[in-house]
Amino acid sequence: QKEVEQDPGPLSVPEGAIVSLNCTYSNSAFQYFMWYRQYSRKGPELLMYTYSSGNKEDGRFTAQVDKSSKYISLFIRDSQPSDSATYLCAMILQTGANNLFFGTGTRLTVIP
Amino acid sequence: GAGVSQSPSNKVTEKGKDVELRCDPISGHTALYWYRQSLGQGLEFLIYFQGNSAPDKSGLPSDRFSAERTGGSVSTLTIQRTQQEDSAVYLCASSFAGPSETQYFGPGTRLLVL
């Protein structure tokens, strides 16, 4: 079993839809949670960074962490064609840990 | 300012040959990471540098893989006697201090082993 599970999609939605992307994880020691966006043939870029349980909002993006369920989500409101990309969840075990654990990524297409 | 750069952007090689991949981190970033991204596998951690030291090499898949960093800046990832299963995108990331800081990724090197 992978440490971080993510539905690879692909996911297609019409422009303006609300998108929900999710990851589950198995290790309760994960403390920091991130969402990265990766456009085709580019490196991942950080979208959201949260610590422990709770919600964090940034413009049209909301990241949600539920540590009790070992479940994290990214919501995109009023989705735009420019949001079409692969979205990767990632997490770190604890401060000072060495690496990010990534999900496989969900490929999203927003149709105009 | 300049982001993380990697070279070459694409590399095609024959099975059994050695390849060297280069990463130039963001200036001032002391931490540097190498990841591998294979189709359907997500990003897989390979190695982490803090300065010129590599306190965590746990992700290197075999002894054919090695990496070094000089001057606290440029890093090279070397794959010896390449195999077809080494074909992947190799991504480099850097951060200001350590792993809890935001990691900024380069565009990657796409390696194809024939």
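Report follows, based on the coordinates. (Residues numbered from 1 in each chain as written. Chains lettered and ligands numbered in written order. Predicted model: local features only at pLDDT ≥ 70, side-chain atom pairs only at ≥ 80, totals over all residues. Heavy atoms only, no water.)

## Considerations on the pairing of strand 8 (residues 71-76) of chain A
Residues and elements named next belong to chain A.
So, point 1. Pairing between strand 3 (residues 19-25) and strand 8: 6 bridges, direction antiparallel. Across the sheet, T24 pairs through a bridge with Y71, a residue of strand 8.
So, point 2. Inspection of the sheet shows strand 7 (residues 61-66) paired to strand 8 by 6 bridges, in the antiparallel sense. Bridging across to strand 8, F61 finds its partner in I76.
So, point 3. The antiparallel hairpin formed by strand 7 and strand 8 contains 4 residues in its connecting segment, where K70 sits at a positive phi of about 55 degrees. (Pairing = 2+ DSSP bridges. Helix = DSSP H or I, 4+ residues; strand = E, 2+ residues; numbered from the N terminus.)

## Quick notes on the sheet that holds strand 7 of chain A
All names here are of chain A.
So, point 1. Reading across from one edge, 1-3-8-7-6 is the order of the 5 strands in this open sheet, with antiparallel pairing throughout. Taken across any chain shown, the strands that pair with only one partner, and hence form the sheet edges, are strand 1 (4-6) and strand 6 (54-58). Across the sheet, the mean angle from the axis of one strand to that of its neighbour is 15 degrees, orientation sign disregarded. (Axes fitted to C-alpha atoms, helices over the stretch in contact; angles between N-to-C directions.)

## Describing the pattern of salt bridges
Residues and elements named next belong to chain B.
So, point 1. Evaluated as defined, the whole model comprises 7 salt bridges over all chains.
So, point 2. Across the pair K17 and E14 runs a salt bridge whose closest N-O atoms are separated by 3.7 Å.
So, point 3. On the basis of relative accessible area, K17 is assigned to the partly exposed category, the value being 45%.
So, point 4. A salt bridge links D86 to R64, with the nearest nitrogen and oxygen atoms 2.8 Å apart. Of this pair, D86 sits in the loop between strand 8 (75-79) and strand 9 (88-95) while R64 sits in the loop between strand 6 (53-56) and strand 7 (65-69); the two residues are 22 residues apart in sequence, bridging distant segments of the chain. Each member of the pair D86 and R64 is classed as buried. (Salt bridge = Lys/Arg side-chain N within 4 Å of Asp/Glu carboxyl O. Buried < 20%, exposed > 50% of the residue type's maximum accessible area, 1.4 Å probe, protein only.)

## Details of the layout of surface pockets
So, point 1. Volume-wise, the largest pocket comes out at about 730 Å³.
So, point 2. Residue lining of the largest pocket: 22 residues in total, with A:Q38, A:T86, A:R107, B:Q37 and B:L39 positioned closest to the centre.
So, point 3. Elements supplying a minimum of two residues to the lining of the largest pocket: strand 9 (85-92) and strand 11 (106-111) of chain A together with strand 4 (31-38) of chain B.
So, point 4. The greatest single-element share of the lining of the largest pocket, amounting to 3 residues, is contributed by strand 11 of chain A.
So, point 5. Split by residue class, the lining of the largest pocket holds 7 nonpolar, 11 polar and 4 charged.
So, point 6. Empty space within the second largest pocket amounts to approximately 310 Å³.
So, point 7. Taken together, 14 residues line the second largest pocket, and the ones lying closest to its centre are A:F102, B:Q41, B:L43, B:E44 and B:F45.
So, point 8. Breaking the lining of the second largest pocket down by element, the ones donating at least two residues are strand 10 (101-102) of chain A together with strand 4 and strand 5 (42-50) of chain B. (1 Å grid on protein atoms, 1.4 Å probe; cavity = no way out; pocket = protein on both sides within 12 Å on 5 of 7 lines; lining within 4 Å. Points joined across faces, edges and corners; volume = space filled by probe spheres on them. Nonpolar A, V, L, I, M, F, W, Y, C, P; charged D, E, K, R; others polar.)

## Considering unusual backbone geometry
So, point 1. Looking along the chain, the bond that leaves A:G9 and enters A:P10 is cis, with omega of 5 degrees.
So, point 2. The linkage connecting B:S7 with the following residue, B:P8, adopts the cis geometry, with an omega of -10 degrees.
So, point 3. Inspection of the secondary structure assignment puts B:P8 in the loop between strand 1 (5-7) and strand 2 (10-13).
So, point 4. Notably, A:K70 is not glycine yet its phi reads approximately 55 degrees, a positive angle.
So, point 5. Inspection of the secondary structure assignment puts A:K70 in the loop between strand 7 and strand 8.
So, point 6. Located in the positive-phi region is B:R81, a residue other than glycine, with phi close to 45 degrees.

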